[in-house]
Number of protein chains: 2
Amino acid sequence: MADTTETGLPRAVTIAWGMQEAPQRGPNRGLSHERIVAAAIEIADTQGLSAVTMQAVAKSLGFTTMSLYRYVSSKEELLQLMQDAALPLQEKVKLPQSWQQGLRAWANLLREAYRSHPWVLDLPRGQASVLMPNSMRAADLGLQAMRELPLSDFEKVGIILVISQHVAAAVELEQNLAAEDEVEISQEGMDTLREVVTAERFPHLVPVMDTGGYVAGAPAEADDEGVDPEYDLGLDLIISGLEQRISTQG
Amino acid sequence: MADTTETGLPRAVTIAWGMQEAPQRGPNRGLSHERIVAAAIEIADTQGLSAVTMQAVAKSLGFTTMSLYRYVSSKEELLQLMQDAALPLQEKVKLPQSWQQGLRAWANLLREAYRSHPWVLDLPRGQASVLMPNSMRAADLGLQAMRELPLSDFEKVGIILVISQHVAAAVELEQNLAAEDEVEISQEGMDTLREVVTAERFPHLVPVMDTGGYVAGAPAEADDEGVDPEYDLGLDLIISGLEQRISTQG
DNA sequence: ACCTGAACACCGTTCAAGT
DNA sequence: ACCTGAACACCGTTCAAGT
């Protein structure tokens, strides 16, 4: 499925690392991988992922659709490039001293990136993405936060995965709730539902629903960083689970 | 975006709860919500989500494309119905006594469901899905596992979210790695990468890569249930974090 | 060499018409 | 009432042709 180059790497990977220089001889009207990806991201940010069509990207650059295929061999490849470009991590970031605060700071960086480009969450996080520059920078940074921890490499990589997946899931949830403008369940709707969600069939859920703990879901004051309680809860659990694991084996 | 009925609920929700009986008068060639959803799931299971087109679903049932629109007002609605139907939980399941084992058993149920219908992971887990019958059964079951725990409703719902998101992410990863037949990075590919992933720019990642801890990723012996170490690691962390939280406040 | 124009095989969805 | 046939406005991608 994913196109591979003669090096055995997915083509998107080689492009992202700049190994796929577009030959610069002959007429060059100024198209490039960078410009194409940037235009596509701009569209995704403002109009959503579904608005990213080859025609829309080309048009926004003032070229014909087909010109894109000089640089990108399929739409899938373009999406992979967008995915990596949406996580622009600086090199050599300094994290807080303690590993706990370090991991939290790292998670917050990821969270910011996901929040500014929520559509990345709709893309499958496949194997290729893990080999791309910004993903690798993120991994490096996560390992930096854990550098003093007495854990195996395998465990550290696992923790990076667990945390980044949690962050992704939390932002996805946050985003879906924020889009409730359209769906907003009315009181009448909830009443209708209660007729069929009986205490007999849902003994544990019904009490929670009746106190508004299930769907009401805190209107999210979206003021600043730390407001999403679900995000904090999960991160707290993971980190204190980690403290536990270290103290019982280190 | 999502169609709502006069009750204020998304149409997919009312259909899933059986509140949207298709009127049975006049000629009825035997189409129904259930048959349409089942046919669509069959296609997704065998040929992937992208093979689920309105035309393909209709054809597999022996009807024209347009006949589906009598039952489903858009493809999005059909996808929402598929999402819920892919998680067929029995009512009144008995979970192990201890809450730890209960939560593990609950997570394993979810995992099984995701594994048999991996394409659900490609669908956005929106707000509507949380109101559908099987999602609510899953929530009820998760709450059952935690019934004796001294936690607020809010915390319990948060934990259900954290765990189910972790399970989803773990299965997604597992699935992506399993699809590595196509992408399989060659040694030559890794060598090429190493030229650009320098120890100078990736000081913490490079040692891990060189010991094969980053991308090699255990060929997954896929024999039985408990083989995915990343799944276990995350679940362990969450549960022991939970033990911690309870012991310091209960 | 880079880009264009025309064309192909698909999508989801609407609408008027049949029974 | 349920279903069909024709049509519309889109997709991604191909290929041969222009400069």
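Numbers given to residues run from 1 along each chain, matching the order in which its sequence is written. Lettering for chains starts from A, numbering for ligands starts from 1, and both go in the order in which the items are written. Reporting in this predicted model follows two pLDDT cut-offs: at least 70 for local features of residues, and 80 or more for side-chain atom pairs to be given and counted; totals over whole chains, interfaces and linings ignore these cut-offs and use all residues. Values reported for side chains reflect all heavy atoms of the structure, with hydrogen atoms and water molecules removed beforehand.

Our next topic: the relation of the copies chain A and chain B. A rotation about an axis combined with a shift along that same axis relates the two copies of the chain. A least-squares fit on C-alpha atoms brings the copies together, and the residues used are those whose pLDDT is at least 70 in both copies. In the superposition of chain A on chain B (RMSD 0.0 Å, axial shift 0.0 Å), the rotation amounts to 180 degrees. Both copies of the chain, as the preceding transformation shows, are related through a two-fold rotation axis. Residues of chain A ranked by C-alpha distance from the rotation axis are headed by G241 of chain A, positioned 1.9 Å from it. Only heavy atoms enter the contact rule, under which two residues are in contact if any of them lie within 4.5 Å. The fraction of interface residues of chain A whose copies in chain B are also interface residues reaches 100%, indicating that both copies meet through the same surface.

Residue ranges assigned to each domain were obtained from an automatic or database domain assignment. Taken as a whole, chain A is organised into domain 1 (11–85), domain 2 (99–180 + 229–249) and domain 3 (187–218). A separation of 47 Å is found between the C-alpha centroids of domain 1 of chain A and domain 3 of chain A.

With that settled, consider the packing of helix α8 (residues 153–178) of chain B against helix α12 (residues 229–249) of chain B. Residue and element names in this part refer to chain B. Following both chains from N to C, one finds α8 and α12 inclined at 165 degrees, their axes separated by 9 Å at the closest point. When the axis of α8 is compared with that of α12, the two are roughly antiparallel. Relative to α12, α8 is oriented so that their crossing is right-handed. Judged by residue contacts, E155, I159, V162, I163, H166, V167, A170 and L173 of α8 engage E230, Y231, G234, L235, I238, L242, R245 and Q249 from α12. Here the contact of α8 with α12 is built from residues that sort into 10 nonpolar, 3 polar and 3 charged. Only the stretch in contact is used when fitting a helix axis, every axis being a line fitted to C-alpha atoms; angles between N-to-C directions are given from 0 to 180 degrees. Each helix corresponds to a stretch of at least 4 residues labelled H or I by DSSP, and each strand to a stretch of at least 2 residues labelled E; elements are numbered beginning at the N terminus. What sets the label is the angle itself: under 35 degrees gives roughly parallel, over 145 gives roughly antiparallel, 65 to 115 gives roughly perpendicular, and the rest give oblique. By convention, the crossing between two helices is left-handed when the near helix turns anticlockwise from the far helix through less than a right angle, and right-handed when the turn is clockwise. All amino acids are sorted into three groups, where Ala, Val, Leu, Ile, Met, Phe, Trp, Tyr, Cys and Pro are nonpolar, Asp, Glu, Lys and Arg are charged, and the leftover types, Gly among them, are polar.

Turning to the packing of aromatic side chains, a few remarks are in order. Ring geometry is summarised as follows: Phe, Tyr and Trp rings, the Trp one being its six-membered ring, pair when their centres sit within 6.5 Å, and such pairs are stacked at plane angles under 30 degrees, edge-to-face over 60 and tilted between the two. On inspection of all chains with the given rule, the structure shows 2 aromatic pairs over all chains. Its guanidinium or amino end placed over the ring of Y231 of chain A, R111 of chain A lies 3.8 Å from that ring's centre, counting from NZ or CZ. A positively charged side chain is recorded as over a ring if its NZ (Lys) or CZ (Arg) lies within 6 Å of the ring centre. The angle to the ring normal must also be within 35 degrees.

In this analysis a 1.4 Å probe is tested at points of a 1 Å grid over the protein atoms alone, and where it fits but cannot get out there is a cavity; an open set with protein on both sides within 12 Å along at least five of seven lines is a pocket; lining residues have an atom within 4 Å of a point. Grid points are joined across faces, edges and corners, and a volume is the space filled by probe spheres set on the points. For the coordinates displayed, the defined rule picks out 2 cavities of 30 Å³ or more. Each pocket or cavity is described by its volume, and for the largest cavity that value is around 90 Å³. V162, Q165, H166, A169 and I238 of chain A together with V162, Q165, H166, A169 and I238 of chain B together form the lining of the largest cavity. If you list the elements that add at least two residues to the lining of the largest cavity, you get α7 (153–178) of chain A together with α8 of chain B. Each residue belonging to the lining of the largest cavity can be placed in one class, and the counts come to 6 nonpolar, 4 polar and no charged. Here the second largest cavity is characterised by a volume of approximately 60 Å³. Surrounding the second largest cavity, R125, Q165, A168, A169 and E172 of chain A together with L121, R125, Q165, A168, A169 and E172 of chain B form its lining. Where the lining of the second largest cavity is concerned, the elements lending two or more residues are α7 of chain A together with α8 of chain B.

Take the pattern of salt bridges next. Residues and elements named next belong to chain A. Salt-bridge detection follows one rule: a side-chain nitrogen of Lys or Arg within 4 Å of a carboxyl oxygen of Asp or Glu. With the rule as written, the count across this model stands at 20 salt bridges over all chains. Its salt-bridge partner being E174, residue R111 comes within 3.9 Å of it at the nearest N-O pair. Placement of the pair is R111 in helix α5 (residues 99–116) and E174 in helix α7, with a sequence separation of 63 residues.

Time to look at the confidence of the model for chain A. Low-pLDDT stretches of the model should not have their predicted coordinates read in fine detail. Mean pLDDT over chain A stands at 88; residues scoring 70 or higher make up 89%. A score from 0 to 100, pLDDT tells how confident the predictor is in each residue. Per-residue pLDDT stays below 50 along residues 217–226 of chain A; that stretch engages in 8 contacts with residues further than four places along the chain or on separate chains.

All names here are of chain A. How far a helix is expected to stretch is found by multiplying one less than its residue total by 1.5 Å. Helix length check: helix α2 (residues 33–47), at 15 residues, gives a terminal C-alpha distance of 21 Å against a target of 21 Å (1.5 Å per residue), a fit within 8%. For α2, the complete set of buried residues consists of H33, I36, V37, A39, A40, I41, I43 and A44. Close packing links the buried residues of α2 with α1 (11–16), α3 (54–61) and α4 (75–85). Looking one or two residues beyond α2, the residue adopting positive phi is G48, at roughly 90 degrees. Each residue is assigned to one of three classes by its accessible area relative to the maximum for its type, calculated with a 1.4 Å probe on protein chains only: buried under 20%, partly exposed between the two thresholds, exposed over 50%.

This next bit is on the packing of α5 of chain A against α7 of chain A. All names here are of chain A. Running from N to C, α5 and α7 cross one another at 40 degrees; their axes reach a closest spacing of 10 Å. Relative to α7, the element α5 lies oblique. Once α5 is placed against α7, the crossing between them reads as right-handed. Taken together, the residues of α7 that come into contact with α5 (itself represented by L103, W106, A107, L110, R111, Y114 and R115) are I160, I163, S164, V167, A168, V171 and E174. Per-class residue counts for the contact of α5 with α7 are 10 nonpolar, 1 polar and 3 charged.

Let us now look at the environment of A40 of chain B. Residues and elements named next belong to chain B. With respect to the secondary-structure elements, A40 resides in helix α2 (residues 33–47). In the structure, A40 is positioned 18 residues away from A58 in sequence and 8.9 Å away in space, judged by C-alpha atoms. Leaving out residues up to four positions away in the same chain, A40 has contacts with V52, V57, L78 and M82.

This part is about the interface of chain A and chain B. Across the boundary between the two partners, chain A contributes 77 residues, which contact 77 residues of chain B. A quick way to say it: buried area is the sum, across both parts, of accessible area lost when two parts are put together, with a 1.4 Å probe. Taken together, both faces of the contact between chain A and chain B bury some 7,000 Å²; the carbon and sulfur share is 64%. If you sort the residues of chain A by the area they bury against chain B, Q127, H204 and L237 of chain A come out on top, with a joint share of 9%. Run the count over chain A and chain B and you get 6 salt bridges. Linking E91 of chain B and R201 of chain A is a salt bridge whose minimum nitrogen-to-oxygen distance equals 3.2 Å. For this analysis, a polar contact is any N or O atom pair within 3.5 Å, provided that within protein one partner can donate a hydrogen and the other can accept it, and provided that sequence-adjacent residues contribute only side-chain to side-chain pairs. Put simply, chain A and chain B have 10 residue pairs in polar contact (both at pLDDT 80 or more) between them. Only α6 (133–145), α7, α8 (180–183), α9 (187–196), α10 (205–210) and α11 (229–247) of chain A provide two or more residues apiece to the side of chain A that touches chain B. With 15 residues, α7 of chain A is the single largest residue contributor to the side of chain A that touches chain B. Residues that form the side of chain A that touches chain B fall into these classes: 38 nonpolar, 20 polar and 19 charged.

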